[in-house]
Each structure stands twice: as C-alpha cells, then as structure tokens.
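A structural walkthrough
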Amino acid sequence: MKGKIIISTAIVSIALLMASCKKDAPGGQAEYKQPQLPATSYDYAALSKRLPANLINVTNDKATLGRVLFYDKTLSVNNFIACGSCHVQQMGFADGRQFSEGFELLNTPRNSPAIINAGAMRKYFWDARASTGLKDMVLMPVQNHLEMGIQNLKYVEAKLAAIPYYAPLFKKAFGSEEVTESKVREALANFLASVVTADNKFDKWSNSGQTTHFTALEKQGLELFNSLHCRNCHNLEISNTSWSSERMANIGLDMEYKDNGAFDVGGWGKGVFKTPSLRNIALSAPYMHDGRFNTLEEVVDHYNSGIVKHSNLDWSLTNANLEYMNSQLPTDKHRSIIGSSNDPAKLSLTDNEKTALVAFLKSLTDYSMISNPAYSDPFNY
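**Here's the deal with the overall build of the chain**
Summing up its helical and strand segments, the chain has 15 helices and two strands in all. Within the span of the chain, comprising 381 residues, buried residues form 51% of the whole. The contacts in the chain between residues at least 6 apart in sequence include a share of 68% that link residues at least 24 apart. Total accessible area on the chain is roughly 17,300 Å²; 55% of this is exposed by carbon and sulfur atoms.

Shown next, in the form of structure tokens:
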C-alpha cells in the first residue's frame, strides 16, 4: 500500500511538471515559445555602469539569461504571470494598477513598486522586508502565495530544466547547463542591475550645470523642490550612493493605517514605508503603497495641505523641521508659513507653484530607458 502511494505521488508530480510547460491559464505562455534574442548580446555591463553605486558586477550573458527569466511566465506555478507582468518597461517597470493581479487573478495588498536602479539599493519592497541584497530579493515574488505561487524553488529548477531554450543560455552564462536556484537568482539580479535610469532632464542639468534643458516651468519646479527641502527624502543625484532613497518614513497618510507597513516587519513605527525614488515618477501612477493617488497633482496636494498629524509622522514633514531648515537659508516667502511646532507642515503653495512642481517631476522621465530594446520582453512578438 505504501509503495502505491509513493508511485501515485510521483505520477502526480510528473503530471504537474508536464502541465507547467503548457498553457495552463487564460493568457498563459504557450508551450516552449522561444525568446527572440539578438545574435550579439546587448551590452548590459556597460548599461549597469551608468549607475556608479551599482553593487552587482553585471556580465552580458548572465543579464541576457536574466532578461528571459524576468519575462518568462514559467516562473509562476501555472504559467500565467511573469515578473514582467507587474513591472512593465513602458510604465517605468510599474504596472499602472492600484494593486497587481497574481497568478490566480487575486489582488496583491500593495501597489507594485517601480524598478528604479535596483542595483544600488539595499532595501526592497514597501516595508523593506528584503534588506540583504538583490540576489536574495529576486525570487521572493516567485514564492509569494498571491503573486507567482511557487513555494518550493526546486520546482522552478525542474520546470526550467525541462525547457529546451534554457540549456544553452545557462551554459553560456555559467559554463554549465545545470539549472540551480543560485544561478537563477544571480541571472535575475544581473538583469535588474542593468536596468538603469540615468538620462532625464535633471541628469543633463546635473552633468552640465546648464538649466537650459528645463522649460521655464520645470526650472521653477526645480527651485521649489530645492527650497522646500524635498531632497531630505528624495536625493536625485545619480552619483550619490544614497540617491536611491532608502529612507523609511511615515508621511502622514492616515491617522490609523489599515496597513502598518514596516512595523509588521519589525524595528519601525506604524505607518512607516520605504520612500520611493522620483525617477520616472510620471510613468508609475498610481502612487503610495496603496495606490490611493492617481495623479501627481494629488500627491503634491497631500504634501501641500493634507499631511495627517500621526504620532510617527516623519520629522522632516513637520513645521519645526521646516523652520530649522529655512533658518539656514536666505529669507523667502516660504519662511513666513513656518511655525515652531511638530504639527504637519502646510506649504501654502499657489496653483502656479503646484503646477511647476508637477512639471519638474514629469521632467524626471528617462525616455531612453523605457524604449531600450535591451530591457524589452523577448517573448512579445
């Protein structure tokens, strides 16, 4: 009897593995659809070096394999969803939804964060629950019970080993056709570390010192961005190792949070979330961890007059901090709105100033990144 049970279990496992290589769900990837790759690899190593603080030593062959893995729906339990399903190149590697859909069409509890120069980061996800490196983070969505649904990573190894196009890719990247979890991690990390945004109007200004790259309205927005000390949480410099905005903060969204953020991970207060980069921010709506704001105008309105006095409110968003910061600067109109208190800051921006801030934020779009074929879906043909 025991032997029959073992045999039955083995048959079920084989059936599941065979099924995993076929179209299992509406929109699932067809059996063995070949990725279309260039004869000569894109220069991912050079792309990665545009980010001076990159922590991954990218090679072209590993990143090429990582690109295929990133867009391969085989990495989900039913072949219905890929990493690239929730991280769309044309949307700055976000997905345009308030909450993403997982492998069973169930919504994730948080907005999908954009992929922004991930090779320089040390904290990942809204709650920073991954903080030991890109290679450790990349398969967490694969194992998530809502996102891609594979609990045992040995199953991933078996699935990939059964697909003909992976043997030469692993051979070229690692010198062996053997598929292992560690190789999958390294390949995905190589690809993600090569996805660099370093070519927006701010970068051109930063490199040349000439504000002629900005329109008059964008330049006004840049000046406001600086005078309002937005850089306290959003350092935009590509050459700065802290540019990736690894800051954790409660920004006064609610008095009582339905999602406590990093508090549930440990070591942070309630309502504390990772501060996202502003690069490509115009592409990655909706905004905040719960996608509550559909437009940049709504985001600016929140910081202008909508911050809630939560007990964990980040000090940088209080009147007391703005008073301190502005005491270091020449007198301007913004000093008049500061009071000596820990109340939420009220910026009292005019409509024109809010429009200028939004224009500047839109100028942070890197059009070369979202059109680069090296980052595109090799199965989309």
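Now that the structure is up, let's keep going.
**Considering helix H9 (residues 181-194)**
Compared with an ideal rise of 1.5 Å per residue, which puts 14 residues at 20 Å, H9 spans 20 Å between its outermost C-alpha atoms and is within 8% of the ideal. Counting buried positions along H9 yields eleven of 14 residues, so the element is predominantly enclosed. For H9, the set of buried residues is Lys183, Val184, Arg185, Ala187, Leu188, Ala189, Asn190, Phe191, Leu192, Ala193 and Ser194. Where H9 is buried, its residues meet helix H2 (44-48), helix H3 (60-71), helix H5 (134-137), helix H6 (140-143), helix H7 (153-161) and helix H8 (166-174).

**Observations regarding the packing of aromatic side chains**
Counted by the stated rule, this structure contains 17 aromatic pairs. Between Phe202 and Phe360, the aromatic rings sit 6.5 Å apart at their centres with planes inclined by 70°, giving edge-to-face as the arrangement. With a gap of 158 residues between them, Phe202 in helix H10 (residues 201-208) and Phe360 in helix H14 (residues 351-362) connect regions that are remote in the sequence. Residues Phe202 and Phe360 agree in their burial class; the two are buried. Looking at Lys270, its charged tip hangs above the ring of Phe263, at a distance of 5.4 Å from the centre.

**A few points about the state of the cysteines**
Throughout the structure, instances matching the rule amount to zero disulfides. Cysteine Cys230 is unpaired, with the sulfur of Cys233 as its nearest cysteine sulfur at 8.8 Å.

**Quick look at the environment of Lys346**
Structurally, Lys346 is set in the loop between helix H13 (319-326) and H14. In this structure, the C-alpha to C-alpha distance between Lys346 and Leu322, residues 24 residues apart in sequence, is 9.8 Å. A polar contact is formed between the side chain of Lys346 and the backbone oxygen of Ser305, at a distance of 3.0 Å.

**Describing the pattern of salt bridges**
Evaluated as defined, the whole model comprises 17 salt bridges. Asp127 is the salt-bridge partner of Arg110, the closest N and O atoms lying 2.9 Å from each other. Here Arg110 is found in the loop between helix H4 (83-86) and H5, whereas its partner Asp127 is found in the loop between H4 and H5, with 17 residues between them in sequence. Taken individually, Arg110 and Asp127 each receive the classification buried, so the pair is uniform in this respect. With its nearest N and O atoms 3.1 Å apart, the salt bridge here joins Lys354 to Asp301. Placement of the pair is Lys354 in helix H14 and Asp301 in helix H12 (residues 296-306), with a sequence separation of 53 residues. Looking at Lys354, the relative accessible area reads 19%, which means it is buried. Beyond isolated ion pairs, a larger network of salt bridges with shared partners links Arg110, Asp127, Arg129 and Asp259.

**Things to note about the side chain of Ser194**
Structurally, the position occupied by Ser194 is in helix H9. Classification of Ser194 as buried rests on a relative accessible area of 0%. In this structure the side chain of Ser194 is engaged in a polar contact, spanning 2.6 Å, whose partner is the backbone oxygen of Phe191. For Ser194, the residues in contact, after removing those within four places along its chain, are Tyr44, Leu47, Ser48, Val58 and Tyr375.

**Focus on helix H11 (residues 216-227)**
Compared with an ideal rise of 1.5 Å per residue, which puts twelve residues at 16 Å, H11 spans 17 Å between its outermost C-alpha atoms and is within 8% of the ideal. Within H11, burial applies to Glu218, Gly221, Leu222, Leu224, Phe225 and Ser227. Just beyond H11, the residue with positive phi is His229, at close to 65°.

**Here's the deal with the nonpolar core**
Among the nonpolar cores identified, the biggest contains 52 residues, and Leu69, Phe70, Leu134 and Tyr166 are the most heavily contacted of them. Looking at this core, the elements with two or more residues in it are H2, H3, H4, H5, H7, H8, H9 and helix H15 (367-371). The element contributing the most residues to this core is H9, with seven residues. Setting aside residues no more than four positions away along its own chain, Leu134 makes contact with Ile56, Ala118, Gly119, Tyr124, Ala189, Leu192 and Ala193. Phe214, Leu228, Tyr287 and Leu364 belong to the second largest nonpolar core, which has 35 residues in total.

The rules behind the values
- Residues numbered from 1 in each chain as written.
- Predicted model: local features only at pLDDT ≥ 70, side-chain atom pairs only at ≥ 80, totals over all residues.
- Heavy atoms only, no water.
- Helix = DSSP H or I, 4+ residues; strand = E, 2+ residues; numbered from the N terminus.
- Buried < 20%, exposed > 50% of the residue type's maximum accessible area, 1.4 Å probe, protein only.
- Contact = heavy atoms within 4.5 Å.
- Areas by Shrake-Rupley, 256 points an atom, 1.4 Å probe, with all protein chains shown as cover.
- Expected span 1.5 Å × (residues − 1).
- Phe/Tyr/Trp six-rings, centres within 6.5 Å; stacked < 30°, edge-to-face > 60°.
- Lys NZ or Arg CZ within 6 Å of the ring centre and 35° of its normal.
- Disulfide = S-S within 2.5 Å.
- Polar contact = N/O pair within 3.5 Å; in protein donor to acceptor, adjacent residues only side chain to side chain.
- Salt bridge = Lys/Arg side-chain N within 4 Å of Asp/Glu carboxyl O.
- Core = buried A, V, L, I, M, F, W, Y, C linked by side-chain atoms within 4.5 Å.

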